[in-house]
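Architecture and fold: a report
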Amino acid sequence: MTNKYSMSKITVLLDRDGVINKDIGHLDSIKKIKFLKGVFQAFRFLKKKKIKVIIITNQSVVGRGIISSRKLKLIHNYINNCLKKKGGQIEKFYFCPFHPKYGKGYYKKKSLDRKPNPGMILKAKKKYNLDHKNCFMIGDNLTDQLAAKRAKVNFFFKKDQSLFTQIKSILKIYEI
């Protein structure tokens, strides 16, 4: 069977907490990261297929003053390094530090980037030339679904199964 889409053209957008790692609320330390079932296998599979992975995540922990943007970058580097050691990789992390109610100072504002708004997805679509035919998003919240819908990106709720199993199932739709 011929692939309908070039594998290198497909991109997977993922929420972070609840999709890659256990959602514990405000993740403020690499010591608290617990990868979910099938994550390493999924990322290794995607890299082998030359499918890019981009993270789309609200991170008001920065805006709330719980951690600095520098510490968030260290957490993201740690996550990516763990994935790289297992044969996977994240192409890019998009995050929104703002919160309209709980943000402090500069960070207390509405933002087009904060899900359910589509800003981060729209930035990724522009940078990587994505459309509904060559990308999809997996998230675990209604805000993820709304952001994807507003950005005109196919969306799937994270199922209670391994991420690897779910991604393989979704890719069958794209005939990969």
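Up top you'll find the structure we're talking about.
Conventions adopted
Residues numbered from 1 in each chain as written. Predicted model: local features only at pLDDT ≥ 70, side-chain atom pairs only at ≥ 80, totals over all residues. Heavy atoms only, no water. Buried < 20%, exposed > 50% of the residue type's maximum accessible area, 1.4 Å probe, protein only. Helix = DSSP H or I, 4+ residues; strand = E, 2+ residues; numbered from the N terminus. Pairing = 2+ DSSP bridges. Right-handed = clockwise from strand over helix to strand, strands pointing away. Axes fitted to C-alpha atoms, helices over the stretch in contact; angles between N-to-C directions. Contact = heavy atoms within 4.5 Å. Salt bridge = Lys/Arg side-chain N within 4 Å of Asp/Glu carboxyl O. Phe/Tyr/Trp six-rings, centres within 6.5 Å; stacked < 30°, edge-to-face > 60°. Lys NZ or Arg CZ within 6 Å of the ring centre and 35° of its normal.

**A few points about the pairing of strand β4 (residues 135–139)**
Put simply, side chains in a regular strand alternate between the two faces of the sheet. Burial runs high along β4: five of the five residues are buried. Both faces of β4 are covered, namely the face carrying Cys-135, Met-137 and Gly-139 and the face carrying Phe-136 and Ile-138. Relative to β4, strand β1 (residues 11–14) runs parallel, the two being bridged by four bridges. Paired with Thr-11 across the strands is Cys-135, a residue of β4. Where β4 lies against strand β5 (residues 154–157), four bridges are found, and the strand directions are parallel. Among the inter-strand pairings, Ile-138 is bridged to a residue of β5, identified as Phe-156. For the crossover from β4 across helix α5 (residues 142–150) to β5, the handedness is right-handed.

**Overview of the sheet that holds strand β3 (residues 92–96)**
The strand order across the open sheet formed by five strands is β3-β2-β1-β4-β5, and the pairing between neighbours is parallel. Each edge of the open sheet is held by one strand with a lone partner, namely β3 and β5. This sheet shows a mean twist of 20° between the axes of neighbouring strands, independent of strand direction. Its contacts with the sheet put helix α4 (residues 119–128) on β1, β2 (52–58), β3 and β4, and the angle it makes with β3 is roughly 150°.

**Re the pattern of salt bridges**
This model, assessed by the stated rule, comprises five salt bridges. Across the pair Asp-15 and Lys-115 runs a salt bridge whose closest N-O atoms are separated by 2.9 Å. In this pair, Asp-15 is assigned in the loop between β1 and α1 (39–48) and Lys-115 in the loop between β3 and α4, connecting sequence segments 100 residues apart. The class of Asp-15 is buried, set by a relative accessible area of 5%. Of the charged contacts, one joins Lys-32 and Asp-28 as a salt bridge, the two residues approaching to 2.9 Å between their closest N and O atoms. A relative accessible area of 39% places Lys-32 in the partly exposed class. Linked by salt bridges that have partners in common, Asp-15, Lys-115 and Asp-144 make up one network.

**Comments concerning the packing of aromatic side chains**
Enumeration over the complete set of coordinates arrives at seven aromatic pairs. Considering the side-chain rings of Phe-45 and Phe-164, the 5.5 Å spacing of their centres and the 80° angle between planes classify their relative orientation as edge-to-face. Of the two residues, Phe-45 sits in helix α1 while Phe-164 sits in helix α6 (residues 163–173), which places them 119 residues apart along the sequence. With a centroid separation of 5.7 Å and an interplanar angle of 40°, the aromatic rings of Phe-98 and Tyr-107 are classed as tilted. Cluster of aromatic residues (ring-pair linked, three or more members): Phe-98, Tyr-106 and Tyr-107. For the cation-ring pair, Lys-86 lies above Phe-40, with the distance from its terminal atom to the ring centre recorded as 5.5 Å. The residue whose ring lies beneath Lys-92 is Tyr-94, and the NZ or CZ to ring-centre distance is 5.1 Å.

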